[in-house]
Amino acid sequence: MKKRSVFFRILSYSFKYPFLLLFSLILSIFFVATKVGAAFSATRYFSSAFIEKNLRSSDIYFIGLIVLLAFLWVFSHYLIFVCSNSLAMNVMHDIRKSVYEKVISLPLSYFKKNKIGEIISRILNDVQIIEIFFMNVMVEILIQPLTLISVIIVLFIINPKLSFYFFSIAPVIGIALAGIGSIVQRLSHIIQKNISDVTSSIQESIYGIEVIKGFAIEEDFKKKFSFFNKLYLDANKKEMRVRFLGIPTSEFLGALGIVIILFFGAIIVKNNLATSGEIISFITLSLILAEPLSKSTDVFMVLRKLVPAGKRILEIIDSEIENYSGLPDFGKINGDIRFENVYFSYDNDKTILKNINLEIKKGETVAIVGHSGAGKSTIVSLLMGFFKPSSGTIFLDNKDLSEYNPVSVRRQISLVTQENILFSGTIEENIKLSNPDATMDEVVESTKIANIYNFIVTLPNSYKTEIGDRGVKLSGGERQRIALARAILRKPKILILDEATSSLDAESEALIQKSMESILGKQTTIIIAHKLSTIMRADKIVVIENGSIVEIGNHKELLSQKGIYHRLFSLQLSV
C-alpha cells in the first residue's frame, strides 16, 4: 500500500462531514488573513509614527481597524479549534467503529494467524496516532501553509530582492527536515512493533495470571516484560532525540534567515533601495514565519508516524470478513448431521482431518474422543461454519451447509467450550446472551439444569450479581456451570459440549450429568470429552486418531473390540 494512498484513505474519513471540513477551511483562510493583516497594519503604523515621525498617521480609525483585526484573528482561531476538533471527534468515532466492527466480523482464522496483543495494540496505539493527527495536526495543515504562503506573498510585494535573499535558506530547511522525518518514520515502525510486544506481554500475563502464580514464575514473566519494555523505551528515546532535532534545526535556519535580512537590509537601505519602515515591516512579518517553521517540524513528524499507523489500521479494515449476504438462511434445523469424505487443513498446511465419514441422527447423543490434537474440536468448528472443508461435504438435514448462511445455523446451536468464556456484567446478563428474550422463569430453569441455581440464590444480589471481568469473581466450576446454563437457555437444536465438564469437581460433575439426562434426546448433542466416564451413556462414541475416525460404536461395543477406546478407558480407570 503506497504512502500517499494510506494518507488519503485516512483523510477521507473527514469527507463524511463536508460542512465541518469546509467551514474549517474558510475559517483558516479568514484567520490567516486577519493575522497577517493585523501584523502588517500594525507594523506600517508604528514604522510611520515612530521611525518616520509622521504623527498624522496616528488615526483613531486606523488604530481601531488594527484592534478589530486582532479581535477577529483571535476569535476566528477559537472557532477553528471548535470546528476542527468537532470534525476530529466525529472522524475518530467513525474510525473506532469501523475497526471494532471489522474485528468482530473477522473469521476465526484471522485470530489464529495474528497475536491478540498485536491486534489490541493496533486498536489502541495506532488509532491514538491517527487521533493526534485529526485533533492536533489537521488544523495546522490548513493554517500553517496558508500563513506561509500569505507572508511570502506580502514579503515579495514589500521587497522582492530582499525576499529572494531570505528564502534562499528554504531548500536547506526542507532537505534537513526531510532527512530527519525519514529517520523518524523508520523508527516509528520499530516503536509500533515494540509496543505490540509490550501489549501482548501484558495481555498474556493477565490472561494466565493463575498459571503464572501457580508455577511461581512471576520473575520469569517480569524479565520477559522488562526485555520488551526496555526495547520500547530505547526505540522511543532514539525516535524522540531525532524528532526533537527538527525543532532547533528549523529555528536555527530561521534565525539564519533573519541575519541575512539584517545584513542585506542594511546594504539596501544604505543604497536607498528600501526604506527603514519597509525593512522593519519585512523583519516583523518574517518573525510570523517562526510559527509555521516551528510547527512544520511537529506536523511533519506526526505525518511520518501517521502513514505506518494508518497502514496497520487499514490492514485490519481491509481484511476479508465473513460475508454471507449472498447465501440464504438455512431455516429451522431438525438436527440430522452427515460428514461425507471431509478433509481439512489450515492454509494447505498439515492435514488435520482425513476422510471423515460420520452420520448423527436427530436427537442422538454422540461423543467424540481421542488424544489431544487428534482433530475433535476441528469437527465442531467445521459444523459451526468457522472454517470450510478442504474437500468433502457436510450435510445438515440433507442440505449442503456450504450453500447456506452459517450465521443462521449458529443461531440454533449452543456451544460450551472448555474455556468457559464469560463477560463483565451480571449473572443474568451472561446467561441471557444466548436468548435475550427469555423470561426470568426460563433463566431460573436453565440454572437448575446446570446445577448452579443453589449457588446463585445464596448471593446477596442473586442473578443481579456482578461477576467481574471474564467472571473473575467466580470459581472455574461456577463459570463453567453458568456457561452451561447459557447454552441450555437457547433451547438449541444442536448442543455441543467441548470439554464442558472438565473444570468441575466430581460431585458437581455427577449432578450435572444427572440433570442433563432430562434434556438429552430433546436435541442432537455432541460431546467432546477426555473423561470417558462422562460419555458412557452416549448413543454413539466416535474415536479419532491422527485426524481419522478409527472406531465407532457405543460404550459396550467399543470395549468389546479391545481397540483404542478400550485402551484409553482402561488407562483412565486405572488412574
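Remember, it's a predicted structure, so these values are computed and weren't measured experimentally.

Draft legend 1. Broad picture of the nonpolar core. If you look at the biggest cluster of nonpolar residues, it comprises 48 residues, and the most contacted ones within it are Ile95, Ile130, Phe133, Phe134 and Leu285. Put simply, the parts of the chain that give this core at least two residues each are helix 1 (3-11), helix 2 (18-51), helix 3 (60-105), helix 5 (116-158), helix 10 (276-288) and helix 11 (290-317). It is helix 5 that provides the largest number of residues to this core, a total of 14 residues. Not counting the four nearest positions on each side in its chain, Phe134 is found in contact with Ile10, Leu11, Ser14, Ser84, Ala88, Val91, Met92 and Ile95.

Draft legend 2. Just the sheet that holds strand 8 (residues 524-528), in detail. Pairing is mixed in the open sheet, where six strands are placed in the order 6-7-8-3-9-10. Looking at which strands have only one partner, the edges of the open sheet turn out to be strand 6 (413-416) and strand 10 (548-553). Between one strand and the next, the sheet's axes are offset by a mean angle of 15°, whatever the strand orientation. Of the strand pairs in this sheet, strand 9 (residues 540-545) and strand 10 are connected by five bridges, and their pairing is antiparallel.

Draft legend 3. Main features of unusual backbone geometry. In this structure, Asn341 is a non-glycine residue whose phi angle is positive, near 50°. Within the fold, Asn341 resides in strand 1 (residues 337-345). Even without glycine at this site, Asp397 takes up a positive phi of about 55°. Along the chain, Asp397 turns up in the loop between strand 4 (391-396) and strand 5 (399-400). Taking relative accessible area as the criterion, Asp397 reaches 13% and is therefore assigned buried.

Draft legend 4. Representation of the pattern of salt bridges within the structure. Applying the stated criterion to the full structure yields 10 salt bridges. The shortest N-O distance in the salt bridge between Glu131 and Arg96 comes to 2.9 Å. Residue Glu131 is located in helix 5, and its partner Arg96 is located in helix 3; the two are separated by 35 residues in the primary sequence. Glu131 gets classed as partly exposed once you look at its relative accessible area, which sits at 26%. Residue Arg96 is classed as partly exposed on the basis of its relative accessible area, which comes to 40%. One salt bridge in this structure joins Arg338 and Glu340, with 2.8 Å as the shortest N-O distance.

Draft legend 5. View of the packing of aromatic side chains. Throughout the structure, instances matching the rule amount to seven aromatic pairs. When the centroid spacing of 4.9 Å and the interplanar angle of 75° are considered together, the rings of Phe133 and Phe134 count as edge-to-face. Judged by its relative accessible area of 0%, Phe133 is buried. Take Phe134: its relative accessible area is 2%, and that puts it in the buried class. Between Phe330 and Tyr404, the ring centres sit 5.2 Å apart and the planes meet at 65°, which makes this aromatic pair edge-to-face. Placement of Phe330 in the loop between helix 11 and strand 1 and of Tyr404 in the loop between strand 5 and helix 13 (406-410) is noted, with a sequence separation of 74 residues between them. The structure contains a cluster of three or more aromatic residues connected by ring pairs, namely Phe7, Phe8, Phe133 and Phe134. We note Arg338 situated over the ring of Phe395; from NZ or CZ to the ring centre the distance is 4.3 Å. Looking at Lys448, its charged tip hangs above the ring of Tyr453, at a distance of 5.0 Å from the centre.

How each quantity is defined
- Chains are numbered independently. Their residues run from 1 in the order of the written sequence.
- Residues qualify for local features only when their pLDDT is at least 70, as the model is predicted, and side-chain atom pairs are given and counted only at 80 or more; totals for whole chains, interfaces and linings, by contrast, use all residues.
- In computing side-chain values, all of the structure's heavy atoms are included and hydrogens and water are not.
- Only buried Ala, Val, Leu, Ile, Met, Phe, Trp, Tyr and Cys residues count toward a nonpolar core, and they belong to the same one when joined by side-chain atoms within 4.5 Å.
- Any residue under 20% of the maximum accessible area for its type is buried, any over 50% is exposed, and the rest in between are partly exposed; the area is computed with a 1.4 Å probe on protein chains only.
- What counts as a helix is a DSSP run of H or I of at least four residues, what counts as a strand is a run of E of at least two, and both are numbered from the N terminus.
- Residue contacts follow a heavy-atom distance rule, with two residues in contact if any of their heavy atoms lie within 4.5 Å.
- Each pair of strands is called paired provided DSSP finds at least two bridges between the two strands.
- Every angle, taken between N-to-C directions, lies between 0 and 180 degrees, and every axis is a line fitted to C-alpha atoms, over only the stretch in contact when it is a helix.
- Put simply, a salt bridge is a Lys or Arg side-chain nitrogen that is within 4 Å of an Asp or Glu carboxyl oxygen.
- Aromatic pairing here means that ring centres of Phe, Tyr or Trp (its six-membered ring) are within 6.5 Å. Orientation follows from the plane angle: under 30 degrees is stacked, over 60 is edge-to-face, and everything else is tilted.
- Look at NZ for Lys and CZ for Arg. If either is within 6 Å of the ring centre and within 35 degrees of the ring normal, a charge sits over the ring.

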